[in-house]
Amino acid sequence: MMPGEDGLSLCRELRATTKTPVILLTAKAEETDRIVGLEIGADDYVTKPFSARELVARIKAVLRRGTMTVDETKVEKGNVFAFEGWKLMIAERELRDPHDVLIPLSTAEFHLLTAFLTRPKAVLNRDQLLDLAYGRQAGVFDRTIDNQVSRLRRKIEEDAKNPRLIKTVWGGGYTWTAEVKRS
């Protein structure tokens, strides 16, 4: 409903030419309008009337997701992450233990491990880990990340009940504690 070009066309053009985050702020509140807006590439869709605090929170969430996603230029094919005798080969999507035994990983476990290895020592909360591993936001009672961390711990920790590599930071999230070497 903008003069000249409409917001959907502008969003489509921005998405095709840049990686600039896009939040559609509109009076169109029908489900179909929201779906079309998100399908053409909007990162979020806010309808009028809106709360300024909610808009600021949504802007921060979109910006956080944009900076938290695994940057393909930083995790190039052929990269190998090594930690405590283990190796994660990005191109092959393979994890090898210190005895060179292949440890199968689900896609979610692979993305979660990659998120930890690219951000060692950083405390990552559930929302950030969901953004990195799944590209989505958490629901209020979403325990997906806790389950995935538990599964990953069973695969890589000597004692999953007393983890050394992936530590829980109470009230904060999880952190990768081991040194990570990249080649």
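Position numbers for residues count from 1 along each chain, tracking the sequence in the order it is written. The model is predicted, so local features are restricted to residues of pLDDT at least 70 and side-chain atom pairs to those at 80 or more, both for listing and for counting; the totals for chains, interfaces and linings are taken over all residues. Heavy atoms throughout the structure, all of them, feed into the side-chain values; hydrogens and water do not.

Asker: Explanation requested: the nonpolar core in the structure shown.
Answerer: Among soluble globular proteins, nonpolar side chains are generally buried collectively. Side-chain atoms within 4.5 Å link the members of a nonpolar core, which is a set of buried Ala, Val, Leu, Ile, Met, Phe, Trp, Tyr and Cys residues. In this scheme, a residue with accessible area under 20% of its type's maximum is buried, one over 50% is exposed, and one in between is partly exposed, where area comes from a 1.4 Å probe on protein chains only. Leu88, Leu95, Leu113, Phe116, Ile156, Ile166 and Trp176 are the most contacted members of the largest nonpolar core, which totals 28 residues. Counting residues per element, the ones that place at least two in this core are β3 (80-83), β4 (86-89), α4 (107-118), α5 (126-134), α6 (144-156) and β9 (173-176). Going along the chain from the N terminus, every DSSP run of H or I of four or more residues is numbered as a helix, and every run of E of two or more is numbered as a strand. The element contributing the most residues to this core is α4, with six residues. Throughout, a contact is declared for two residues whenever any of their heavy atoms are within 4.5 Å. In this view, leucine 113 contacts Leu88, Leu95, Leu105, Leu152, Ile156 and Trp176; residues no more than four positions away in its chain are not counted. In terms of nonpolar packing, the next biggest core, distinct from the first, is built from six residues, Val22, Leu24, Ala42 and Tyr45 among them.

Asker: For this particular structure, what's the right way to read the pattern of salt bridges?
Answerer: Two side chains bearing opposite charge may form a pair once their charged atoms approach each other closely. A pair is scored as a salt bridge if a Lys or Arg side-chain nitrogen falls within 4 Å of a carboxyl oxygen belonging to Asp or Glu. Under the criterion given, the structure shown has seven salt bridges. A salt bridge links glutamate 94 to arginine 96; its shortest N-O distance comes to 3.4 Å. The class for glutamate 94 is partly exposed, based on a relative accessible area of 25%. Judged by its relative accessible area of 22%, arginine 96 is partly exposed.

Asker: Help me understand the packing of aromatic side chains in this model?
Answerer: Each aromatic ring pair is specified by the distance between its two centres and by the angle formed by the two planes. Ring pairs are drawn from Phe, Tyr and Trp, using the six-membered ring of Trp, whenever the two centres fall within 6.5 Å, and their geometry is named by plane angle: stacked under 30 degrees, edge-to-face over 60, tilted for the rest. On inspection of all chains with the given rule, the structure shows three aromatic pairs. Relative to tryptophan 86, the ring of phenylalanine 83 lies with its centre 6.1 Å away and its plane at 0°, an arrangement referred to as stacked. Overall, the relative accessible area of 2% leaves phenylalanine 83 in the buried class. Taken together through their ring pairs, the aromatic side chains of Phe83, Trp86, Phe116 and Trp176 make up a single cluster.

Asker: Quick question: what am I supposed to make of the sheet that holds β9 here?
Answerer: Hydrogen bonds between backbone atoms are what pair the strands of a sheet, whose relative direction is either parallel or antiparallel. If you walk across this open sheet you meet the three strands as β7-β9-β8, and the pairing is antiparallel. The sheet is open, and its two edges are formed by β7 (123-124) and β8 (166-169), each paired on a single side. Set on the sheet, α4 makes contact with β7, β8 and β9; between it and β9 the angle comes to about 65°. We call two strands paired when DSSP finds no fewer than two bridges between them. Here an axis means a line fitted to C-alpha atoms, over the contact stretch when the element is a helix, while the angle between two N-to-C directions is reported on a 0 to 180 degree scale.

Asker: Can you walk me through α4 in this structure?
Answerer: Over its twelve residues, α4 runs 16 Å from end to end, which matches the ideal 16 Å to within 8%, given 1.5 Å per residue. With nine of twelve residues buried, α4 is to be regarded as a mostly interior element. Among the residues of α4, Ala108, Glu109, Phe110, Leu112, Leu113, Thr114, Ala115, Phe116 and Leu117 are the ones counted as buried. Here the expected span of a helix is defined as 1.5 Å times the quantity of residues minus one.

Just geometry here; none of it tells us what the structure is for.
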